[in-house]
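Descriptive structure summary
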Amino acid sequence: DWPSCSGLSTGTVAGSGRKAQLAKARRSISHFNHKRRKEVEEKLILLVEDNPDEEALELRALNHNGIDSEVVVARDGAEALDFLFGTGVYAGRDTNIMPTVTFLDLRLPKVDGLEVLQRMRADDRTKLLPVVTLSSSDEEHDIITSYESKVNSYVRKPVSFTAFTEAVRQLGMYWMQLNEPPRV
């Protein structure tokens with residue numbers, strides 16, 4: 001079904017100034033979101049972010065773009081691991097319900113994001129869960145180590161508000177509507 005392709009080409013169409021094509025692309029996006037809305041609502045996002053301002057922006061970008069999934073926010077690496085494995089404050093949580101995707105910051109208190117990723121990949125319950133590193137770091141070492149630890153994607157957080165919200169919107173659309181994760 002091609003409506004998702006129209007959604008991905010919106011920037012190109014807008015740049016060319018063809019308003020009729022842009023309007024058509026927007027109608028396709030709305031149709032695509034509406035069609036998959038119920039499925040998206042049943043999915044879960046784990047957002048691991050220690051910066052409250054960036055957390056608020058990410059939540060707003062997801063919500064304002066039709067990603068109505070439940071979002072669990074962990075504000076440090078230890079809390080993320082507790083959620084995933086049903087320990088600590090999440091003891092007794094149904095660990096059969098796992099996130100469809102985890103958006104993981106690298107620089108976290110208590111347990112570093114790379115260690116969270118490595119512990120996820122070392123456990124049979126979480127080793128196949130999609131993880132996106134969403135970090136302000138552009139250090140080559142962080143990027144290489146993330147991919148060596150089997151991250152699914154590494155996205156550098158844009159500095160501008162508009163670019164940041166657009167990046168989160170695109171990530172939400174891809175991981176929650178287009179991607180087919182393994183059933184774990």
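One structure accompanies this document, and this report is about it. (Residues numbered from 1 in each chain as written. Predicted model: local features only at pLDDT ≥ 70, side-chain atom pairs only at ≥ 80, totals over all residues. Heavy atoms only, no water.)

Describing the packing of aromatic side chains
Our working rule: Geometry of aromatic contacts follows a simple scheme: Phe, Tyr and Trp rings, the Trp one being its six-membered ring, pair when their centres are within 6.5 Å, and the pair is stacked under 30 degrees between planes, edge-to-face over 60, tilted otherwise. Burial status follows relative accessibility: with a 1.4 Å probe on protein chains alone, a residue under 20% of its type maximum counts as buried, one over 50% as exposed, and anything between as partly exposed.
Under the criterion given, the structure shown has two aromatic pairs. Ring geometry for F83 against Y90: centres 5.2 Å apart, planes inclined by 90 degrees, an arrangement best described as edge-to-face. On the accessibility criterion, F83 (5% relative accessible area) is buried. For the ring pair Y174 and W175, a centre distance of 4.9 Å and an interplane angle of 90 degrees mean the geometry is edge-to-face.

Thoughts on the pairing of strand β4 (residues 131-135)
Worth spelling out the cut-off: Strands here mean DSSP runs of E at least two residues long; helices mean DSSP runs of H or I at least four residues long; both are numbered from the N terminus. We call a crossover right-handed when, viewed with both strands directed away from the observer, the connection leading from the first strand over the helix to the second proceeds clockwise. Between any two strands, pairing holds if DSSP finds at least two bridges.
Within β4, five of the five residues are buried, which leaves it mostly tucked inside the rest of the structure. Burial along β4 is two-sided: V131, T133 and S135 facing one way and V132 and L134 facing the other are all buried. With respect to chirality, the unit in which strand β3 (residues 101-104) leads through helix α6 (residues 113-122) into the neighbouring parallel β4 is right-handed. Of the pairings in the sheet, the one linking β4 to strand β5 (residues 153-156) comprises four bridges and is parallel in character. Of the residues in β5, the one forming a bridge with S135 is R156.

Looking at the pairing of strand β2 (residues 70-74)
Taken together, the five bridges between strand β1 (residues 44-48) and β2 define a ladder with parallel strand orientation. Among the inter-strand pairings, L47 is bridged to a residue of β2, identified as V73. Taken together, β1, helix α4 (residues 52-63) and β2 constitute a β-α-β crossover, and its handedness is right-handed.

Comments concerning the nonpolar core
The cut-off we apply is this: Note on terminology: a nonpolar core comprises buried Ala, Val, Leu, Ile, Met, Phe, Trp, Tyr and Cys residues joined through side-chain atoms within 4.5 Å. Working rule for contacts: check all heavy atoms of both residues, and any pair within 4.5 Å makes them a contact.
Counting 20 residues, the largest nonpolar core has L46, V48, L84, L104 and V116 as its most contacted members. Taken together, the elements giving at least two residues each to this core come down to β1, β2, α5 (77-85) and α6. Counting residues per element, this core draws most heavily on α5, which supplies five residues. If we ignore the near neighbours within four places in the chain, the residues touching L46 are V72, A74, A80, F83, L84, P99, V101, T102 and F103. If you look at the next biggest cluster of nonpolar residues, it comprises 17 residues, including A61, L134, V155 and W175.

Quick word on helix α8 (residues 161-178)
The condition is simple: The length a helix should cover is 1.5 Å for every residue beyond the first.
The end-to-end C-alpha separation of α8 is 25 Å, in line with the 26 Å expected for 18 residues at 1.5 Å each. Every buried residue of α8 is accounted for by F164, T165, A167, V168, R169, L171, G172, M173, W175, M176 and Q177.

Details of the pattern of salt bridges
Short version of the rule: Salt bridges are defined as contacts in which a side-chain nitrogen from Lys or Arg sits within 4 Å of a carboxyl oxygen from Asp or Glu.
One pass over the full model with this rule turns up 12 salt bridges. A salt bridge links R119 to E115; the nearest nitrogen and oxygen atoms lie 3.4 Å apart. Taken together, the residues span about one helical turn, with R119 and E115 both in helix α6 at a distance of four residues. Of the residues examined, R119 reaches a relative accessible area of 40% and is grouped as partly exposed. The partner of D138 in a salt bridge is R156, with the nearest N and O atoms 3.8 Å apart. Taken as a pair, D138 in the loop between β4 and α7 (140-148) and R156 in strand β5 lie far apart in primary sequence, 18 residues in all. A relative accessible area of 41% places R156 in the partly exposed class. Through salt bridges with shared partners, a single ionic network connects E49, E54, D105 and K157.

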